[in-house]
Amino acid sequence: CKTSERKSRSSKAEARSRGVAKEKTLECGQIVWGLAFSAWPVAEAGETDPTCTVGLPCLILATGLNDGQIKVWEVQTGHLLFSLLGHQDVVRDLSFAPNGSLILVSASRDKTLRVWDLSRDGRQVQVLSGHVQWVYCCSISPDCSMLCSAAGEKSVLLWSMRSYTLIRKLEGHQSSVVSCDFSPDSALLVTASYDACVIMWDPYTGEQLRTLRHVPLHSVLDYSSEVHTSSLRSVCFSPEGLYLATVADDRLLRIWALELRSPVAFAPMTNGLCCMYFPHGGFIATGTRDGHVQFWTTPRVLSSLKHLCRKALRTFLTTYQVLALPIPRKLKEFLTYRTF
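Residues numbered from 1 in each chain as written. Predicted model: local features only at pLDDT ≥ 70, side-chain atom pairs only at ≥ 80, totals over all residues. Heavy atoms only, no water.

- For the protein, an unreviewed UniProt entry supplies the name WSB2 protein and the organism Geococcyx californianus.
- The Pathway (unreviewed entry) field of the UniProt record for the protein holds the comment "Protein modification; protein ubiquitination." (UniProt positions renumbered as here; feature names shortened; annotations may be inferred.)

Below you can see the structure in the form of structure tokens.
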């Protein structure tokens, strides 16, 4: 942006004609708490789709606002597509279905989740009630079969994305759960809590597979009484499913290998609140309370053939279907992530 500011008007026009990215501001009119991107399907010849140019997909951005509204924008033009009304309090998190169906799930401080269908003019499909605290986080599984929600309670709720009914409550944390994420093959679910633990679950059976404990590193950090080391803030899977990233109030970003119980990499950071892997791996973005986004390089490894096969199989086989296969027990344990 600094470079483009120094350009003349003619050079700016030339840059726009070449499709160079330029600074853009979407005026939401409220504090923005949640963001989610999705691609609008390509418009076919003969269709009258006001959103996208024929033959060209476009990027849309949903914004969760302080007054309970959700505004959905076409990013390239800044055109407001929808104002979704229904929530009675802050919209804290948003998640699009990964299959491109334009199904959007919103999580709010009004203690509900709501399901919207943007392909049907933003119609509200369902209201999911069951939490007794503010809903902080929602995550849709990559196979679009499940939805996980965390609401500052000691448990998380797992919902069916087909029937929009509650599948089960996952209990195991000793304090508020504030973040959740599915593995790329939908076979694992991780939850992060203020109890300083990340629990790895089998979402199909509700079984706890592993607990990752955040042990303070006194040799690295100078703790003060103001630092609450028990406060985990965010957890996310890497795109290939071999690593986890966590952000905690002990001023560390941690990278965990799926097969190990201790972190393989650390990065010092202050005021961290959230983390997200770059879609193609290799980098992590972290957001902080003081208004910064920082980028970090992360460990990269070539996925083994075993892991690629497991990932491919688990993308369309549930845990119960794997256990029913006529294969050796050790192979079943590997395919269901029980060989840690």
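After that view, the rundown keeps rolling.
### A few points about the UniProt feature "repeat: WD" (unreviewed entry) in the protein
And then number 1: In the numbering used here, UniProt assigns the feature "repeat: WD" (unreviewed entry) to residues 61–83, 84–119, 128–169, 170–211 and 225–259.
And then number 2: With 0% helix and 65% strand, residues 61–83 has its two end C-alpha atoms placed 12 Å apart.
And then number 3: Between the end C-alpha atoms of residues 84–119 there is a gap of 13 Å, over a span that is 0% helix and 53% strand. (Helix = DSSP H or I, 4+ residues; strand = E, 2+ residues; numbered from the N terminus.)

### Considerations on the sheet that holds strand 3 (residues 70–74)
And then number 1: Strands sit in the order 1-2-3-4 across an open sheet of four strands; the sheet is antiparallel. Both edges of this open sheet fall to strand 1 (32–40) and strand 4 (79–84), since each of them pairs with a single strand only. Here the strands of the sheet are splayed against their neighbours by 20° on average, with no regard to which way each runs.
And then number 2: Relative to strand 3, strand 2 (residues 58–65) is paired through five bridges, and the arrangement is antiparallel. Looking at the pairing, isoleucine 60 lines up with glutamate 74 of strand 3. (Pairing = 2+ DSSP bridges. Axes fitted to C-alpha atoms, helices over the stretch in contact; angles between N-to-C directions.)

### Thoughts on the packing of aromatic side chains
The description of two aromatic rings rests on the distance between their centres and on the angle between their planes.
And then number 1: With the rule as written, the count across this model stands at two aromatic pairs.
And then number 2: The cationic tip of arginine 109 hangs over the ring face of tryptophan 33; the distance from NZ or CZ to the ring centre is 4.6 Å.
And then number 3: A cation over a ring is seen here: arginine 109 above tryptophan 134, with NZ or CZ 4.2 Å from the ring centre. (Phe/Tyr/Trp six-rings, centres within 6.5 Å; stacked < 30°, edge-to-face > 60°. Lys NZ or Arg CZ within 6 Å of the ring centre and 35° of its normal.)

### Some remarks on the pattern of salt bridges
And then number 1: Scanning the model with the defined rule gives eight salt bridges in all.
And then number 2: Note that arginine 338 is salt-bridged to aspartate 202, the shortest N-O span being 3.0 Å. Of this pair, arginine 338 sits in the segment after helix 5 (329–335) while aspartate 202 sits in strand 15 (residues 197–202), and the two are 136 residues apart along the sequence.
And then number 3: Arginine 310 is the partner of glutamate 259 in a salt bridge, and the nearest nitrogen-oxygen pair spans 3.6 Å. With glutamate 259 in the loop between strand 19 (252–257) and strand 20 (263–268) and arginine 310 in helix 3 (residues 305–314), this residue pair connects regions lying 51 residues apart in the sequence.
And then number 4: Here the salt bridges do not stand alone but share partners, grouping Asp202, Glu207 and Arg338 into one network. (Salt bridge = Lys/Arg side-chain N within 4 Å of Asp/Glu carboxyl O.)

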